[in-house]
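Per-entry structural report
Okay, here's what each chain looks like letter by letter:
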Amino acid sequence: MADKSRVCSVWVGSETGILKGVSLAKKQAFNFCEMNCLSRDQEVCVLCWGDAQETEVLVGCSNGEVKTFSTEKGLFTETRQCGQSDEGKFTGLAVADSALVTSVESGLVKVWKEGVTKPVEINAGRSVCRMRQNASQRHHVATGGKENGLKVWDLERPDVPVFTAKNVRNDWLDLRVPEWVRDLAFIPDSEKIVTCTGHHQVRVYDPASPQRRPVLEAQFGEHPLTALALPAGSPCVVVGNTQGQLAMIDLRKGLVRGCLKGLAGGVRELQCHPSLPLVASCGLDRFLRIHSLDDRSLQHKVYLKSRLNCVLLSSRDLEACPEAVTAEAEVAAAEEEGEDEEDAVWDTMETVTEKTRKCRKADRGDEGAEEKSTKKRKVKK
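Residues numbered from 1 in each chain as written. Predicted model: local features only at pLDDT ≥ 70, side-chain atom pairs only at ≥ 80, totals over all residues. Heavy atoms only, no water.

For the rest of this paragraph, the subject is the pairing of strand β28 (residues 308–313). Of all 6 residues in β28, 6 are buried, a share of seventy percent or more. As paired strands, strand β1 (residues 10–14) and β28 are joined by 5 bridges and run antiparallel to one another. Paired with Val12 across the two strands is Val311, which belongs to β28. (Buried < 20%, exposed > 50% of the residue type's maximum accessible area, 1.4 Å probe, protein only. Helix = DSSP H or I, 4+ residues; strand = E, 2+ residues; numbered from the N terminus. Pairing = 2+ DSSP bridges.)

Below, the structure written as structure tokens:
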């Protein structure tokens, strides 16, 4: 199992509680779990890296357990109880200064510090759909949900949020516009935050400005948006909705720059590669897909047998993983050796073409004799 986990460049969590590792170079998927004790209570809700070296994957399950999977050993090394089933499923998982940060649907954000039995709790409001961490300021996290606007929290001062977004103005009928933050992300090299809503809107907030309302708003399609991801070095955001539609939206003008095709079900999560122009998507159609953001073509497509909730990409090159290339070369050499042995067996066998022709002639002779006998019988009658 350790050799298999080392060649995996993509990690996916499923509804059935299976952590799946995918090797794109070998085009194979591996299950890392105990298959005899699977249940819906162990549904994988969120994934994140446990360290900067990417040797540990933190797996948040729906029963409140956070499991630590070692990619070097190929097995689960630790299990922590970080929530209760009545608090809802995990909506976010992060690591900040050796402390584990968890978020659940009920709105409780907990900071689990080492050596402390009781965690620090933050009440982010009810119906939280997503919690994300700021990659440049790891002690800052943002939350949002249904009728629960965007909030930014400082884990070192968790009493009040650092930033609280304000809802947009009433519509043309002077009616209140409902709020529903489904996913969010911190824009690199800035203090801005981008969100997608269940009312097919993409909004950008700037906590550095005195305006608490969004500084940019765009719309895509007519169905709820469920996930977003920010490509590296690009002023765009990739969003997906409940109908399996993916689009790239320019955050400077709010226009759709292109669509990514091939999906057949609702999108559960998106993640862009940290350095390459690639985006990974997973969802209800049970496929893991890797799209290129340069020409919007489908690079990889792997069927994983169960409905998928979350995806985690490795920061290394997905195409040229040295361990995967070595393993693939060994498999190819073994297959070639097997083919050579099979060819040697066929070469030692004798050909029986002449005997077959004689048998065919004999059979034809028997058929001709039968035809002649039937004709004679007809003449006699």
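What follows is about the pattern of salt bridges. Counted according to the given criterion, the structure contains 13 salt bridges. Put simply, Glu87 and Lys110 hold a salt bridge, and the shortest N to O gap is 3.5 Å. Of this pair, Glu87 sits in the loop between β7 (75–81) and β8 (90–96) while Lys110 sits in strand β10 (residues 108–112), and the two are 23 residues apart along the sequence. For the pair Glu87 and Lys110, one class covers both residues: buried. A salt bridge links Arg157 to Asp154; the nearest nitrogen and oxygen atoms lie 3.3 Å apart. Bridged by salt links that share partners, the residues Arg130, Arg132, Asp183 and Glu269 form one connected network. (Salt bridge = Lys/Arg side-chain N within 4 Å of Asp/Glu carboxyl O.)

Let us now look at unusual backbone geometry. Phi is positive for Glu54, which is not a glycine, with a value near 60°. With respect to the element layout, Glu54 can be found in the loop between β4 (44–49) and β5 (56–61). With relative accessibility at 18%, the residue Glu54 sits in the buried group. Here the phi dihedral of Arg286 falls at roughly 70°; this positive angle occurs in a residue that is not glycine. With respect to the element layout, Arg286 can be found in the loop between β25 (278–283) and β26 (287–292).

Detailed reading of the predicted model is not advised wherever pLDDT is low. Looking at the protein as a whole, the pLDDT averages 86, with 82% of positions reaching at least 70. Confidence drops under a pLDDT of 50 for residues 320–334, and excluding neighbours within four residues, the segment shows 12 contacts in the predicted structure. (pLDDT = per-residue confidence, 0-100. Contact = heavy atoms within 4.5 Å.)

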